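An overview of the molecular structure
One-letter residues, chain by chain:
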Amino acid sequence: MGFRRLLVEVSRQHSQLRPVKNLLPCSYHTSLKFGGNAGSYYPINHFILELLVKVLPTCFQQSRTLSTSNMLNDVVEGIILFRGDYVRSGSHRYTILTALLSSEFVCSFYKGYRCLEMFIRFNAEAAKELHDKLVKSVVEQRTAPPNNLLWTLIEKCANREDIKLLFNVLENLRKFRLSNLRIFENFNDNLCREISKACVRVEAIDFGKKTLWKHNVYGLTPSVASAHSLLLYAKEHNNANLLVDVMKLLKANDVPLQPGTADIVFSICYNTDRWDLMSKYAKRFVKAGAKLRRTSFDTWMTFAAKLGADRDIDNLWKIEKLRSGLMKTHTIGSAFSCAKGFLLEHKPEEAAAMIQVVTQRPEIMAELEKLVREWPLEVIKRQKDEDKMAMAAGLQQDIPAMIHSLSGLGVKTSVKMDDLTKTPF
């Protein structure tokens with residue numbers, strides 16, 4: 001059933017279908033524009049959407065013998081109003097289905113179930129079709145397939161089965177390049193990076209790890225970019241185990257450590273509260289000669305400052321020595337970490353002097369609030385039971401002294417000390 005015929009069917013069954021102009025983005029309707037009615041938009045309420053999701057699968061079924069582009073022309077003809085932007089059917093027709101799936105205006109039931117069902121069915125068929133074309137070209141016809149087919153297959157991967165098809169294609173392409181074309185090099189880095197992204201996108205993490213193997217049958221070259229895709233997934237899901245696996249693969253396959261990698265690794269260690277991993281991997285980055293960024297030092301020092309034990313304060317000063325050798329100026333994070341270290345050593349005047357260094361930054365008041373309200377609780381709860389009372393008493397004395405010293409240095413503060421004295425340590 002063509003899309004215009006579908007509109008006619010909807011119009012017949014729902015007499016309230018009417019042109020609407022200036023549809024507000026906050027409306028709970030979505031709208032379609034059709035070529036014959038320039039400037040008119042038809043609101044699609046839940047009733048009409050139900051008809052759409054019932055009929056569209058039929059369109060997919062009847063279009064299996066057609067090319068993908070013809071099928072999409074038939075199904076998503078026109079322009080979909082999506083979050084205030086116009087997505088034109090003449091380009092990126094595949095994106096229109098994604099827009100329909102993600103649309104804020106579509107009822108959550110249909111968005112989450114029926115539209116998703118259509119989207120997955122379309123994607124699965126498209127990936128299988130591309131896989132068959134590629135395999136037929138290199139295995140049966142013994143000819144090099146168009147380069148864009150492989151890139152398109154990578155984009156279409158929507159689940160684990162699609163990734164399996166992709167890696168089967170890669171293995172066959174690798175054999176073909178070696179035997180027929182005498183090409184011994186691996187695929188280029190851009191392709192390898194997009195393959196790792198596709199694996200992460202569908203959560204096929206075991207396949208994603210294969211992109212970091214130096215010796216593989218797929219023609220993939222391990223790279224920092226591929227590692228970052230997996231590490232960002234680990235960061236998003238607070239997965240320290242995946243972090244450990246990726247770092248092992250980087251070491252085993254001689255992938256160089258980069259400053260950007262340290263940023264992600266340190267963030268994962270901090271978010272998962274794994275100081276042991278932070279210490280281990282920080283040493284690896286420093287030994288490898290990676291020039292850590294300010295953000296990495298901030299995370300590393302903030303973590304050390306909230307641990308509070310004597311050995312951790314020593315670690316903090318070692319990190320600060322390393323940081324000061326690479327960069328001369330403090331960030332808010334590094335300055336406040338040093339100030340916390342001075343407070344733990346009962347040196348409130350030095351802590352105030354350190355904070356004065358960054359008083360021109362607009363975030364200083366917010367950081368002071370955190371130092372008074374949040375940090376004492378965080379650092380005290382990490383101490384042994386027999387040490388908690390002594391540390392609490394020391395902080396309740398030293399933090400007000402630091403604030404008083406700041407006032408003496410000309411730094412105006414509005415932090416309420418009542419929050420500190422009332423805090424139940």
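Residues numbered from 1 in each chain as written. Predicted model: local features only at pLDDT ≥ 70, side-chain atom pairs only at ≥ 80, totals over all residues. Heavy atoms only, no water.

On to the overall build of the chain, then. The helix and strand inventory of the chain stands at 21 helices and 4 strands. Split into buried and exposed, the 425 residues of the chain put 48% on the buried side. Within the structure as shown, the chain displays about 21,900 Å² of accessible surface, and the carbon and sulfur contribution to it stands at 52%. (Helix = DSSP H or I, 4+ residues; strand = E, 2+ residues; numbered from the N terminus. Buried < 20%, exposed > 50% of the residue type's maximum accessible area, 1.4 Å probe, protein only. Areas by Shrake-Rupley, 256 points an atom, 1.4 Å probe, with all protein chains shown as cover.)

For the rest of this paragraph, the subject is a negative patch on the surface. Together, Asp310, Asp314, Glu386 and Asp387 give the surface a local cluster of negative charge. Mapped onto the negative patch, the elements with two or more residues apiece are α15 (310-326) and α20 (385-408). By the element assignment, Asp314 lies in helix α15. Take Asp314: its relative accessible area is 42%, and that puts it in the partly exposed class. (Patch = residues over 30% accessible without salt bridge, like charges linked within 9 Å, V, L, I, M, F, W, Y side chains within 5 Å. Salt bridge = Lys/Arg side-chain N within 4 Å of Asp/Glu carboxyl O. Lys, Arg positive; Asp, Glu negative; His and termini not counted. Charge placed at Lys NZ, Arg CZ, Asp CG, Glu CD.)

It is worth spelling out the packing of α15 against helix α16 (residues 332-344) at this point. As a packed pair, α15 and α16 sit with axes 10 Å apart at the nearest point and diverge in direction by 145°. For the pair α15 and α16, the crossing hand works out as left-handed. Contacts between α15 and α16 pair Ile313, Leu316, Trp317, Glu320 and Arg323 from the former with Ser334, Ser337, Cys338, Gly341, Phe342 and Leu344 from the latter. Among the residues making up the contact of α15 with α16, the classes are represented as 6 nonpolar, 3 polar and 2 charged. (Axes fitted to C-alpha atoms, helices over the stretch in contact; angles between N-to-C directions. Left-handed = near helix turned anticlockwise from the far one by under 90°. Contact = heavy atoms within 4.5 Å. Nonpolar A, V, L, I, M, F, W, Y, C, P; charged D, E, K, R; others polar.)

On to a positive patch on the surface. On the surface, Lys248, Lys251, Lys280 and Lys287 cluster together into a positively charged patch. Relative to the helices and strands, Lys251 is located in helix α11 (residues 240-252). A residue is classified by how much of its surface remains accessible, and Lys251, at 61% relative accessible area, is exposed.

Bringing the environment of Lys291 into the picture now. With respect to the element layout, Lys291 can be found in the loop between α13 (275-287) and α14 (294-305). Residue class for Lys291 comes out exposed when judged on its relative accessible area of 66%. With 33 residues separating them along the chain, Lys291 and Gln258 place their C-alpha atoms 7.9 Å apart.

Turning our attention to the packing of aromatic side chains. Evaluation of the coordinates by the stated rule reveals 8 aromatic pairs. With a centroid separation of 6.0 Å and an interplanar angle of 90°, the aromatic rings of Phe266 and Phe285 are classed as edge-to-face. Taken together, the positions of Phe266 in helix α12 (residues 259-271) and Phe285 in helix α13 put the pair 19 residues apart, joining distant regions of the chain. Among the residues examined, Phe266 registers a relative accessible area of 0% and is labelled buried. Exposure remark for Phe285: the relative accessible area of 0% places this residue in the buried category. Plain terms: the ring middles of Trp317 and Phe342 are 4.9 Å apart, the flat faces sit at 45° to each other, and that makes the pair tilted. On the criterion of sequence distance, the pair formed by Trp317 in helix α15 and Phe342 in helix α16 is long-range, its members being 25 residues apart. The class of Trp317 is partly exposed, set by a relative accessible area of 22%. Phe342 sits in the buried class, given a relative accessible area of 16%. Members of the aromatic cluster, connected to one another through ring pairs, are Phe266, Phe285, Phe297 and Trp300. One residue, Lys306, lies across the ring of Tyr270, its end atom 4.1 Å from the ring centre. (Phe/Tyr/Trp six-rings, centres within 6.5 Å; stacked < 30°, edge-to-face > 60°. Lys NZ or Arg CZ within 6 Å of the ring centre and 35° of its normal.)

A word on the packing of helix α6 (residues 147-156) against helix α7 (residues 160-179). It is the contact of α6 with α7, at a shortest axis distance of 9 Å, that shows an interaxial angle of 160°. Classed by the angle they form, the pair α6 and α7 counts as roughly antiparallel. In the packing of α6 onto α7, the handedness of the crossing is left-handed. Here α6 contributes Leu150, Leu153, Ile154 and Lys156 to the contact with α7, which in turn contributes Asp162, Leu166, Val169, Leu170 and Leu173. Looking at the contact of α6 with α7 residue by residue, the class counts come to 7 nonpolar, no polar and 2 charged. (Parallel < 35°, antiparallel > 145°, perpendicular 65-115°, else oblique.)

With that settled, consider the confidence of the model for the chain. Mean pLDDT over the chain: 77, with 68% of residues reaching 70 or higher. In the model, residues 100-114 has pLDDT below 50 throughout and makes 38 contacts with residues more than four positions away in sequence or in other chains. (pLDDT = per-residue confidence, 0-100.)

With 13 residues, α13 extends 18 Å from end C-alpha to end C-alpha; this agrees with the ideal 18 Å at 1.5 Å per step. Turning to α13, its buried residues number three or more, namely Trp275, Leu277, Met278, Ser279, Tyr281, Ala282 and Phe285. Check the buried side of α13 and you find it contacts α11, α12, α14 and α15. Just downstream of α13 lies Gly289, where phi reads positive at about 85°. (Expected span 1.5 Å × (residues − 1).)

Within the largest apolar cluster, 73 residues are counted, with the highest numbers of intra-cluster contacts made by Leu243, Val265, Tyr281, Phe285, Trp300, Leu368 and Met402. Sequence-distant contacts of Phe285, that is, excluding residues within four places in its chain, are made with Met247, Leu257, Gln258, Thr261, Ala262, Val265, Phe266, Ala290 and Leu292. Counting residues in hydrophobic clusters, the runner-up holds 28 residues, among them Leu130, Val135, Cys157 and Cys192. (Core = buried A, V, L, I, M, F, W, Y, C linked by side-chain atoms within 4.5 Å.)

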